[in-house]
Amino acid sequence: MNLQYLLENKLTTQTRIDAAKRLSPTRLWYSGLLVFGEYRREGRIILASINLSDFTHTCSCEDHAFHKANILCKHTLAVLRNMKKEEVETQKTKAEETHTVYISSGCPSIDQVFSVNGKGFVSRMLAALYSDYNVGKSILAIQVACHAFIQTGKPALVIDTEMNFVDEEARQRIVGWFEKRWSKELDGKPVKIDFVFKPNIYKLYNYVGSEGRKLHRGKDVEEAKMFDWVYFDALKEMRQVTRGGKTFNHPVYYNRNDSPLLNESEGHSIVILDSLSQPVKEEMPTPPNQNFPARAACENHLLGRLVDVANERNVPVLVTNHLSTAPEDQQYHTGNQYGGGPVGYHFKYKVRLKGPEGDLVKDGYVHRDLERERGVGLPETSRSIKLVLNKGYEEY
């Protein structure tokens, strides 16, 4: 780590470097080309991570959140200091040896904005699809899930936090569109998708093997709106253990290598979270008390566990998200997706789905635009597609 380079390019400060020298992560681990450092202090947990491929970084601390990832905080600097060169080289070699898998949506324009070569969603990467409400994110997600089964013969795993598809008839209706559209490829077989329903942040956290809690800072009503978000490994089971002739219950906890999500994702073609923002919004304060550090801590951990799944299972992960509203008027004109720094870091592909206001079905379809904000080594771009009634997304 060239500290002089960091200082000269104003990527950090001497004060932060000095603080990092006195700091060591409670835990340090690698997931593909990501290295994570976790810090626990006075009941609070801070998570920092660095991408070894391009050295982008994120942290759930206030310093990193308020500088919008333009500064290496003391936590990310401490991760750099504690990384072992041999382990870094091992992770890079493993990533190079792993075969890349692409999952197509069945619509070339969608595949083009989510990959370098136009083949679709890329394994071991998180991709974000975001928009305001009722534009068609969930329909696109189900289209990808259906085509993934047609392409690979393996079901998609869809984590539904908005409860859009908890009704079996609603699921069958939407999936039926694509069974009819691709009936030739299916040759009479039904599409298989595995749905799990996690209607709040606590159930979603348990699914990734963790327990999330609010740690309030004070008893005053206004102060109570500000809190730290902390998380722990969730209890898996109580196991009977006999020692010294005595039998007692011993708690066994989940960890990042053993969670319901990681276990259930085996044998699937793609993992889809629809959506990230819904469960987080229910627990995180709304303006004027946005509480960005708590939100960052909450999302960092969730997205970090999804990265683990993407790397362990060698599958793509698609996450839908909403647009962030402007604090002054609660409108969507900011153009940014909900979540701030963590979503800007973890997603290697970020695409906004746009539709004109006052949509009317004309000739059986409505117009949609896909705007790529970020892609690995790719410029921003835009594609126009049709959302066809009872068929999903198609080319013009």
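Located above this text is the structure these notes cover.
What this report covers is the structure whose coordinates are included nearby. Since we're looking at a predicted model, the values are computed, not measured.

The next point concerns the sheet that holds strand β19 (residues 392-394). Taken together, nine strands build an open sheet; the order of strands is β9-β8-β14-β15-β7-β16-β17-β18-β19 and the sheet is mixed. A strand with exactly one partner marks an edge of an open sheet, and here the two such strands are β9 (193-197) and β19. Sheet twist, expressed as the average angle between the axes of neighbouring strands with direction ignored, equals 25 degrees.

This brings us to the layout of surface pockets. Computed from the structure, the second largest pocket encloses a volume of approximately 480 Å³. Leu33, Asn51, Ser53, Arg124 and Met125 are the residues nearest the centre of the second largest pocket, which is lined by 23 residues in total. No other element matches helix α5 (residues 85-97), which puts three residues into the lining of the second largest pocket. Tallied by class, the residues present in the lining of the second largest pocket amount to eight nonpolar, nine polar and six charged.

Glancing now at a nonpolar patch on the surface. The grouping of Leu235, Met238 and Tyr253 at the surface amounts to a nonpolar patch, some 310 Å² of accessible area in total. Note that Met238 resides in strand β12 (residues 235-243).

Let's shift gears to unusual backbone geometry. The omega torsion of the bond from Asp274 to Ser275 falls at 10 degrees, within 30 degrees of zero and hence cis. Of note, Lys10 is a non-glycine position whose phi angle comes to about 55 degrees, a positive value. Inspection of the secondary structure assignment puts Lys10 in the loop between α1 (3-8) and α2 (14-21). Residue classification places Lys10 among the exposed positions, given a relative accessible area of 69%.

Rules used in this analysis
Residues numbered from 1 in each chain as written. Predicted model: local features only at pLDDT ≥ 70, side-chain atom pairs only at ≥ 80, totals over all residues. Heavy atoms only, no water. Pairing = 2+ DSSP bridges. Helix = DSSP H or I, 4+ residues; strand = E, 2+ residues; numbered from the N terminus. Axes fitted to C-alpha atoms, helices over the stretch in contact; angles between N-to-C directions. 1 Å grid on protein atoms, 1.4 Å probe; cavity = no way out; pocket = protein on both sides within 12 Å on 5 of 7 lines; lining within 4 Å. Points joined across faces, edges and corners; volume = space filled by probe spheres on them. Nonpolar A, V, L, I, M, F, W, Y, C, P; charged D, E, K, R; others polar. Patch = residues over 30% accessible without salt bridge, like charges linked within 9 Å, V, L, I, M, F, W, Y side chains within 5 Å. Areas by Shrake-Rupley, 256 points an atom, 1.4 Å probe, with all protein chains shown as cover. Salt bridge = Lys/Arg side-chain N within 4 Å of Asp/Glu carboxyl O. Buried < 20%, exposed > 50% of the residue type's maximum accessible area, 1.4 Å probe, protein only.

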